[in-house]
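# Architecture and fold: a report
So you can see what is in the structure, the chains are spelled out below.
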Amino acid sequence: MAYFILFYETVDDYLEKRGTYRQVHLQHAENAKKDGHLVLAGAFANPADGAALIFKSDSPEIAQAFAKNDPYVQNGLIKNWSVREWTVVIE
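Read on for an overview of the structure. These figures come from a predicted structure and were not determined experimentally.

What follows deals with the packing of aromatic side chains. Enumeration according to the criterion identifies three aromatic pairs in this entry. Geometrically, the ring pair formed by Tyr 3 and Trp 86 is edge-to-face, given 6.0 Å between the ring centres and 75 degrees between the ring planes. One end of the pair, Tyr 3, is in strand β1 (residues 2-10); the other, Trp 86, is in strand β4 (residues 78-86), with 83 residues separating them in the sequence. You can call Tyr 3 buried: its relative accessible area is 12%. Trp 86 sits in the partly exposed class, given a relative accessible area of 38%.

Shown next as structure tokens:
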């Protein structure tokens, strides 16, 4: 198993636009957590211009699939996203 970080870069008016999709987005994240893949997730603050979600899986496909199926991505609240493998040295 390895760790992967999904980075989101949000649109400028993200906080104003997210309300319609927030509950579905949070449910999507809860489902990933229940599946055992999502370890930790949260938005950046000051400024609120992105987020990071940490996944534990055998490949980056789990994090990539999460992003592709996320209502925030599907509805244009995320202008860029990427997945990077993360080498954890202390757990």
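Between side chains of opposite charge, pairing is possible as soon as their charged atoms come close. Summed over the entire model, instances satisfying the criterion amount to four salt bridges. The partner of Lys 17 in a salt bridge is Asp 13, and the shortest N-O contact between them spans 3.5 Å. Classification of Asp 13 as partly exposed rests on a relative accessible area of 30%. Several salt bridges share partner residues, and in doing so they unite Glu 9, Asp 12 and Lys 79 into one network.

Thresholds, definitions, all that
- Residues numbered from 1 in each chain as written.
- Predicted model: local features only at pLDDT ≥ 70, side-chain atom pairs only at ≥ 80, totals over all residues.
- Heavy atoms only, no water.
- Phe/Tyr/Trp six-rings, centres within 6.5 Å; stacked < 30°, edge-to-face > 60°.
- Helix = DSSP H or I, 4+ residues; strand = E, 2+ residues; numbered from the N terminus.
- Buried < 20%, exposed > 50% of the residue type's maximum accessible area, 1.4 Å probe, protein only.
- Salt bridge = Lys/Arg side-chain N within 4 Å of Asp/Glu carboxyl O.

All we've got here are geometric facts, nothing functional implied.
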